[in-house]
Amino acid sequence: MITSSQINEILGITESFQLHGALKDILFDKDKRLKIFKRFLEIENNLDYDWFTNYFQEEQANRNNLKQDYTPHCLCDLVNRLIPQQSGTIYDECCGIGGLTISAWREHRDSIFYLEELSDNSVMLLLFNLSIRGINAYVKHGDVLTNQFKKVYKLTNNGEFSDIEIVGDTGNEFKTDVVISNPPYSLKFDDVDNYKYDARFSNYGVPPKSKADYAFVLHGLSHLKENGSALFILPHGVLFRGSKEGDIRKLLIDDNLLDAVIGLPSNLFLNTQIPVCVLIFKKTRNDKDILFIDASKDFVKEGKQNYLSDDQIEKIKSAYSLRKDIDKFSHVASLEEIKKNDYNLNIPRYVDTSEEKEPVDLAQVVSELVQIETEIEATEKEFVAMLKDLKGPQSYEIEKNKLISQLENSKKHSYTNMLNAANDFLEKSKEELKDNHVVNLLDIATIERSKKNKTYKKGSILIQLSATKGQMIYLDDDTKVDSKYGVFETDKDKVEPRYLYYVLKMSMPDFLTRYQTGLNVKPEIFDSFKIKVHSSLEVQKIIVKILDSFNVELEEKEIEKYKKIKEYHLDNMFV
C-alpha cells in the first residue's frame, strides 16, 4: 500500500496543509494530471480500494466540526455487496473522498455516479480518486442539508482516466437507482425553522436541531427512484431515540420503506469506538416485515481496531439474501411486532444473542474468598516482620512504625469470620437454597416513575430509566428523588427489599440493553419480567447479610491504598 510519505513526495509537498493547493494545481492541468497519475500507478496499481482513507483521516479530517470519520475498507466492502446488481446510477451522499463509491465501482463500472460533499479538502482528493479510475460522475461541492452547492464537476472517462470539467448545476431533482451514505454522525441541524416548507421533509417532519441524522436520510431518499434502494451507515441512536426522530422513524416504517437493520461491531473506525448500523430502505417493497441482523460480535481484532473479515461480510450478505430467522444472528420482525415495541428498533429486542450464564457456585466462591483472606493475612504478617528488621533514618522509622501499627491493628480482614460463617451456612443449607421459584417481578413489587417532591420509603429501589446500563440505587433512608428515576417498592411479605435489589442488579442490565431507548423506559415493559427468588424470607435475609459483607468496591479502594503505602515505604527504605 502506498505510504503517506510517498504520497507527499509525488505531490511535491512536505506538510498536509499543502495538499489542497497541490491537488487543485494538478487536477485541472491535463498534462500534470497524466504525469502524476502514472507516478502513482507505478507504486500502487490496485484501484479496487481507496488508498487515501487512513492518510486523509490522520492528516486532514475535521472530526470536531464536521464529524468526519472516513469509512473503513471492510464497511465499504459490506455496503458494496449489499447493493442490488442492476444499478445504472448510484448516488453517494456525504461521500468524503469516495471510499464507498470506489467499492461500488468495482462491481458497477458502467454506472454513472452522483456525489455530494461539503469539505474543500475532501473534494480535491475525491476528484483525484474518481479521475485516476476513469469513473463517470457528477460531483456537487456544497452542503446537502441546505441543498446549496458552490460548484459542480463532471468527470468523463477518456479511455484511460477521467477528464474533469466544471459544469452548471445538475439541479437537486436528479434520481438514482441506489443511494449509499456514511454521513456525519449526530451533526447539529441549525436553523430548522428554515426547513418547514422543504419538500424533502414535507411528508415526515423536520428533524431536531440537535441531530441531523434523519435529515441526511430524508435527503438521500428524496433522490431515490421508485424502485431504488438506499443504504445508510448510521449511529445506533437512530434506532431508538424518541421525539421528532421517533415520529420520523414511525412514518418511514408505516410507509413500508425500511427493509433491514444490520448491527455492526464497535471500533471499526479509526477515531471513534462507537458501533454503527446499516439501514437499508427500498421505495417499493412487497413485504411489510423488517429484517434484523446482529453482527456486533462478528469481527477480527487487529491492534486497537476491529475489522470485518471476508467470511464475516459474506455471512451478513447471505443472511440478508436468505431473509429468515437464524439463531442469535437474524430475525424477520412483522409490522405487528414493531408496533408492539412502539417502533423502537433497538436490535436486541429482536435478535437475542445472549448466552446462558453458568450457574454460580456460591459455596465455592465463599470458600475461595476465605482462602484468599487467609493468604493476605499471612502475607501481611510476613511483611510486618520484614519491616521490623529494616533500619533507616529517623523520618523513615517514624513512618515505618506507623505502618506496622496500622497493619497489626487493621480491621480490614475482620470479616473473615463472616466468610467462614457464610461457608458453613451454605454447606448446611444446600436444600433450602434449592428451594427457589420464578415469579413475575410486578407480583412482588410495584413500579412508578418518580414524582417530584414525593418521599420514597427506605428499601425502595431506584432505576435510572434513561440509562442504557440500568443504573440502580437502594434507598437506605426515606428520600426525595429526582424525576428521572423509576421506583420499585417491594411487598415485604413476599420479598426482602435488599434481596430484590441484589437480584435486580444481576438481571436488569441485560434486560435494559434489550429495551434501550432514547427517552424513558416505560414501566409496562416490566409486565412480563420474570426473576428467580428464594422462597424463604429468612434465607433471603441471610443471603443479604453475606452479600453486604462483600463490599468489593471498598475492598478494591483499600487494596490500592495499601499498595501505595507499601510502595512509598519501600521506595524510602534506604534513603
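Residues numbered from 1 in each chain as written. Predicted model: local features only at pLDDT ≥ 70, side-chain atom pairs only at ≥ 80, totals over all residues. Heavy atoms only, no water.

Peer 1: Please give an account of unusual backbone geometry that cites residues and values.
Peer 2: Look at Cys-94: it is not a glycine, yet its phi comes out positive at around 55°. Within the secondary structure layout, Cys-94 lies in the loop between strand E1 (89-93) and helix H7 (99-107). Despite not being glycine, Tyr-343 has its phi angle at roughly 65°, a positive value. By the secondary structure assignment, Tyr-343 is in the loop between helix H13 (335-340) and helix H14 (362-389). On the accessibility criterion, Tyr-343 (10% relative accessible area) is buried. (Helix = DSSP H or I, 4+ residues; strand = E, 2+ residues; numbered from the N terminus. Buried < 20%, exposed > 50% of the residue type's maximum accessible area, 1.4 Å probe, protein only.)

Peer 1: For the sheet that holds E1, give the residues involved together with the corresponding values.
Peer 2: On the basis of which strands lie adjacent, the open sheet formed by 11 strands has the order E5-E4-E3-E2-E1-E6-E7-E9-E8-E10-E13 and mixed pairing. The two strands at the open ends of the sheet, each matched to only one other strand, are strand E5 (162-167) and strand E13 (330-333). For this sheet, the mean angle separating the axes of adjacent strands, direction not counted, is 15°. The pairing of strand E8 (residues 258-263) with strand E9 (residues 276-282) spans five bridges and is antiparallel. Within E9, the residue paired with Val-261 across the bridge is Leu-279. Strands in contact with helix H6 (residues 73-82) are strand E6 (176-181), strand E7 (224-235), E8 and E9; relative to E7, the strand with the most contacts, it is inclined by about 155°. (Pairing = 2+ DSSP bridges. Axes fitted to C-alpha atoms, helices over the stretch in contact; angles between N-to-C directions. Contact = heavy atoms within 4.5 Å.)

Peer 1: Got a sec to walk through the sheet that holds strand E20 (residues 485-490)? Specific residues and values, please.
Peer 2: Spatially, the four strands line up as an open sheet ordered E15-E20-E17-E18, and their pairing is antiparallel. Here the strands that pair on one side only, and so sit at the sheet edges, are strand E15 (445-449) and strand E18 (472-474). Averaged over all adjacent pairs, the angle separating strand axes in this sheet is 20°, with direction ignored. Of the strand pairs in this sheet, E15 and E20 are connected by five bridges, and their pairing is antiparallel. Opposite Ile-447, over in E20, you have Phe-488 as the bridge partner.

Peer 1: Pulling in residues and values, what's your account of helix H8 (residues 120-132)?
Peer 2: Relative to the 18 Å expected for 13 residues at 1.5 Å per residue, H8 spans 19 Å between its end C-alpha atoms, a close match to the ideal helical length. Burial analysis of H8 places 11 of its 13 residues in the buried class, the great majority of the element. Considered for burial, the residues of H8 that qualify are Ser-122, Val-123, Met-124, Leu-125, Leu-126, Leu-127, Phe-128, Asn-129, Leu-130, Ser-131 and Ile-132. Where H8 begins, the side chain of Ser-119 points an oxygen toward the backbone nitrogen of Asn-121, at a separation of 3.4 Å. (Expected span 1.5 Å × (residues − 1). Polar contact = N/O pair within 3.5 Å; in protein donor to acceptor, adjacent residues only side chain to side chain.)

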